[in-house]
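# Descriptive analysis of the structure
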Amino acid sequence: MQGGDTMAMINAIWPFILMGGIFYFMLYRPQKQEQQKRQRMLDSLKKGDKVVAIGGMFGVITAISEKKVTLKLAEDVEVDFARSAISAFQDPVKQEMAEK
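Being a predicted model, the structure only gives us computed values, none of them experimental.

What follows covers the overall build of the chain. In terms of regular secondary structure, the chain is built from 2 helices and 5 strands. Seen in sequence order, the chain has helices and strands lined up from the N terminus as α-β-β-β-β-β-α. Classification of the 100 residues of the chain by burial places 19% in the buried group. In the chain, 41% of the contacts between residues at least 6 apart in sequence involve partners at least 24 apart. For the chain, the computed accessible surface area is about 7,500 Å², with 62% contributed by carbon and sulfur atoms.

See the structure below:
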């Protein structure tokens, strides 16, 4: 009788374990990898890089600090952005290098 109760409990719990595994491999893990890739890209920013800001502004980094990036958008036009507002490099090769 006790063996049957144990099997019933295992049969009741395994769908939740399966759902947890699916959640981890389909949602949590890919999201975590994307966050790490973005953080590596932000950490690799340096003066002279050609980047794209989240708003679609294309520019060249002229100054960079821990929280702020200054982009040269045109001749005599420089704008400060939050470092986290940089979405990508303009050069696809540089983007691929930052992702690795």
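For the rest of this paragraph, the subject is the nonpolar core. Counting 12 residues, the largest nonpolar core is built from Met41, Leu42, Leu45, Val51, Ala53, Ile61, Val69, Leu71, Phe81, Ala85, Ile86 and Phe89. Of all the elements in the fold, those that place two or more residues in this core are α1 (2–43), β1 (50–53), β3 (68–74) and β5 (86–89).

Sheet topology places β1 next to strand β2 (residues 58–64); 3 bridges connect them, and they run antiparallel. Each residue of the ladder has a partner; that of valine 52, found in β2, is phenylalanine 58. Hairpin remark: β1 followed by β2, antiparallel, with 4 residues in the connecting loop; positive phi at glycine 56, about 95°. Alignment of β1 against β5, held across 3 bridges, turns out to be antiparallel. Each bridged residue has a counterpart across the sheet, and for valine 51 the counterpart in β5 is phenylalanine 89.

Below, the discussion takes up a nonpolar patch on the surface. Judged by side-chain polarity, Trp14, Leu18, Ile22, Phe23, Tyr24, Phe25, Met26, Leu27 and Tyr28 come together as a nonpolar surface patch covering roughly 1,000 Å² of accessible area. You can see phenylalanine 23 is positioned in helix α1.

We note that aspartate 76 has phi near 65°; this positive angle belongs to a residue other than glycine. Assignment of secondary structure puts aspartate 76 in the loop between β3 and β4 (77–82). Among the residues examined, aspartate 76 registers a relative accessible area of 73% and is labelled exposed.

Turning our eyes to something else, we now look at the packing of aromatic side chains. The full count for this structure, using the stated rule, is 2 aromatic pairs. Arranged with centres 4.9 Å apart and planes meeting at 85°, the rings of tyrosine 24 and phenylalanine 25 form a pair that is edge-to-face. An aromatic cluster of three or more residues is present, and its members are Tyr24, Phe25 and Tyr28.

Conventions used here
Residues numbered from 1 in each chain as written. Predicted model: local features only at pLDDT ≥ 70, side-chain atom pairs only at ≥ 80, totals over all residues. Heavy atoms only, no water. Helix = DSSP H or I, 4+ residues; strand = E, 2+ residues; numbered from the N terminus. Buried < 20%, exposed > 50% of the residue type's maximum accessible area, 1.4 Å probe, protein only. Contact = heavy atoms within 4.5 Å. Areas by Shrake-Rupley, 256 points an atom, 1.4 Å probe, with all protein chains shown as cover. Core = buried A, V, L, I, M, F, W, Y, C linked by side-chain atoms within 4.5 Å. Pairing = 2+ DSSP bridges. Patch = residues over 30% accessible without salt bridge, like charges linked within 9 Å, V, L, I, M, F, W, Y side chains within 5 Å. Salt bridge = Lys/Arg side-chain N within 4 Å of Asp/Glu carboxyl O. Phe/Tyr/Trp six-rings, centres within 6.5 Å; stacked < 30°, edge-to-face > 60°.

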